[in-house]
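What the coordinates show
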Amino acid sequence: MNNKETFEKTKKLLKKHNQSHLLAFWEQLNASQRRNLLAQIEKLDFAEIDGWVADYVKKSAAAPVPVNFAPPPFYSLNPVGPGQKRKYNQAIELGRELISAGKVAAFVVAGGQGTRLGFDGPKGNFPISPVKNKTLFRIFAEIIAAVSEKYQTVCPWYIMTSPLNHDETKEIFRSNGYYGLNEKDVFIFQQGTLPSFNLDGKIFLADKDCIACSPDGHGGSLKALYKSGAIEDMKRRGVEFISYLQVDNPLINIFDPLFIGLHALDEAEMSSKAVIKTGPKERVGNFGLVDGRVTVVEYSDLPDELAEKQNPDGSSVFRLGSVAIHIINRTFVEKLNAGGFVLPLHRAVKEIPHIDQHGNFVEPDGPNSVKLESFVFDALPLASKSIILETLRSEEFAPVKNAAGVDSVESAKEMIVARGAAWLESAGAAVPRKPDSSVDCLIEIAPSFALEKDDIKTKLCKIPEIKPMDRVYLA
Ligand code: UTP
């Protein structure tokens, strides 16, 4: 087909789907800009887009929570009874074997925009450790190096970026010498994007030859892992289990033998860690069971009567909050992609810069558009088996979402210090505390020193003497 024919065909297609404005500046474009724009339009599936506009852009109501949403079974923090105690021990042993055999890879999703944090650059480059100011990427790299050393293996690391931060992320890794890891064991790839819409369902133009797009959500990782060749790379290396984490959690325990082992013993395909929510309305996803499948319902979609429903002992029925920590089988991702799976989309009303019908650049001063995303936890019900393991927030979950307040830089730093203090106290150290019992010094424990509490006792040759306001760094 020649250029003229392609143009005419595209024009007709856009007219049919009410998106003709995408070619509004055609006459002003040069040949390469025209090719560029046509290539972007060609990638869009307009029948699918019509469905999104009807279901998500013009409609704001979320799908109702299924009537049979029930509390899910889960493995509690401590085993219940001798049978389960044996199972936990067996799981820890199996988890260690799987890590040692190189069957577990780290996978961080780092393609988000990090708007709430307001940091210029990839969030993984945000300095967070309280004494050494290590960035999130450096902390994960040190965990991976320490695990590889502890288990005498190579743990590959997969990092998902988005077009917003891919080049910058690659440059950060390059200029930091891959944080001491072997470059060939670090696989950085990009997720897909989805077009952004105005509130009437029209796709925005970012420029005269460019459609406005945003990353397709962390759920996009399940396609991107496959499309990028990451899954193929895992297969070549013999990786069977993917340890999924978010870029903004410096307390993450990436290689947890108990979690990996329970998941493997139960022959699960995708599993999750959960924390007990701080209250019925905490802003985290809620675990439940629908038709026997583990399902997460967002806090904003859980009706009050379910959020507040209590057991006879006064505990919340839906008390398990999602912390975005998963083990995902490599074969599960392969199976999903072979079957052309689709995850539901979620809408967020955002401020998206764009050009108007005259070609003028518009920096909106309020929410003007709908951004669509898929969420990774929506793949849980697609798994034939899925387990949930309870964990302690103070040990494993300190999200860096905001510059201040809840889930902020400050709260995450405090939690890193608090966990370090608890680990040191468990080994017999006296940690100075303020009258409100918060820690009165700074403590940072490098992954090379301890990956978990029990490592401390074996590593500490001498109990350190810590004075108020000290800056303690153990490496
Ligand atoms: P968040 O939901 O916190 O979004 O992402 P965000 O974009 O980082 O931050 P805000 O909402 O703009 O402030 C949770 C995790 O999912 C990743 C993020 O990088 C983070 O690790 N993510 C999110 C992606 O990798 N891709 C996406 O499209 C969205």
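Computed from a prediction, not measured in an experiment: that's the story for all the values here. (Residues numbered from 1 in each chain as written. Predicted model: local features only at pLDDT ≥ 70, side-chain atom pairs only at ≥ 80, totals over all residues. Heavy atoms only, no water.)

The subject of this paragraph is the overall build of the chain. Of the regular secondary structure elements, the chain holds 14 helices and 20 strands. In summary, the chain has a C-alpha radius of gyration of 24 Å against a globular reference of 23 Å for 475 residues, a match within 12%. On the principal axes, the C-alpha backbone points of the chain span a range of 80 × 50 × 50 Å. Out of the 475 residues belonging to the chain, those deemed buried represent 52%. Of all intrachain contacts in the chain linking residues separated by at least 6 positions in sequence, the fraction that spans at least 24 positions is 75%. (Helix = DSSP H or I, 4+ residues; strand = E, 2+ residues; numbered from the N terminus. Rg over C-alpha atoms; globule rule 2.2 N^0.38 Å. Buried < 20%, exposed > 50% of the residue type's maximum accessible area, 1.4 Å probe, protein only. Contact = heavy atoms within 4.5 Å.)

Our focus in this paragraph is the environment of Lys235. Looking at the element boundaries, Lys235 is found in helix H8 (residues 230–237). A sequence separation of 106 residues divides Lys235 from Phe341, and the C-alpha atoms of the two residues are 20 Å apart. For Lys235, the contacting residues outside a window of four places in its chain are Arg330 and Glu334.

If you trace the backbone, His263 turns up in helix H9 (residues 257–265). The exposure class of His263 is buried, given its relative accessible area of 0%. Setting aside residues up to four positions removed in sequence, His263 forms contacts with Phe241, Ala268, Glu269, Met270, Ser271, Ile327, Asn329 and Ile387.

Moving on: the side chain of Thr10. Inspection of the secondary structure assignment puts Thr10 in helix H1 (residues 3–16). Among the residues examined, Thr10 registers a relative accessible area of 11% and is labelled buried. Thr10 has contacts with Leu23, Leu38 and Ile41, leaving out every residue within four places of it along the chain.

Strand order in the open sheet formed by three strands is E5-E17-E14, with antiparallel pairing between adjacent strands. Pairing within the sheet leaves two strands with one partner each, and these edge strands are strand E5 (197–198) and strand E14 (346–350). Summarising the sheet, E5 and strand E17 (residues 369–373) pair through two bridges and their orientation is antiparallel. Paired with Asn198 across the strands is Ser369, a residue of E17. (Pairing = 2+ DSSP bridges.)

It is worth spelling out the pairing of strand E12 (residues 293–297) at this point. Counting buried positions over the five residues of E12 gives four, a clear majority of the element. Where strand E11 (residues 286–290) folds back on E12, the antiparallel hairpin that results is connected by two residues, among which Asp291 adopts a positive phi of roughly 50 degrees.

Taken together, 19 residues are adjacent to the ligand, and Val109, Gln113, Thr115, Gln191 and Lys401 come closest. Within the backbone of Gly112, one N or O atom sits 2.9 Å away from an oxygen atom of the ligand. In the model, an oxygen atom of the ligand is placed 2.7 Å from a nitrogen or oxygen of the Lys401 side chain. In isolation the ligand offers 570 Å² of accessible surface; the protein chains occlude 90% of this area. Classifying every residue of the shell around the ligand by side-chain character gives five nonpolar, nine polar and five charged. (Near = heavy atom within 4 Å. Polar contact = N/O pair within 3.5 Å; in protein donor to acceptor, adjacent residues only side chain to side chain. Areas by Shrake-Rupley, 256 points an atom, 1.4 Å probe, with all protein chains shown as cover. Nonpolar A, V, L, I, M, F, W, Y, C, P; charged D, E, K, R; others polar.)

Moving on: the packing of helix H4 (residues 81–100) against H9. Where H4 contacts H9, the two axes come as close as 7 Å, and the packing angle between them is 100 degrees. As the angle between them shows, H4 and H9 are arranged roughly perpendicular. Of the residues in H9, those in contact with Lys87, Tyr88, Gln90, Ala91, Ile92, Leu94, Gly95, Arg96, Leu98 and Ile99 of H4 are Pro257, Leu258, Ile260, Gly261, Leu262, Ala264 and Leu265. The residue makeup of the contact of H4 with H9, split by class, is 12 nonpolar, three polar and two charged. (Axes fitted to C-alpha atoms, helices over the stretch in contact; angles between N-to-C directions. Parallel < 35°, antiparallel > 145°, perpendicular 65-115°, else oblique.)

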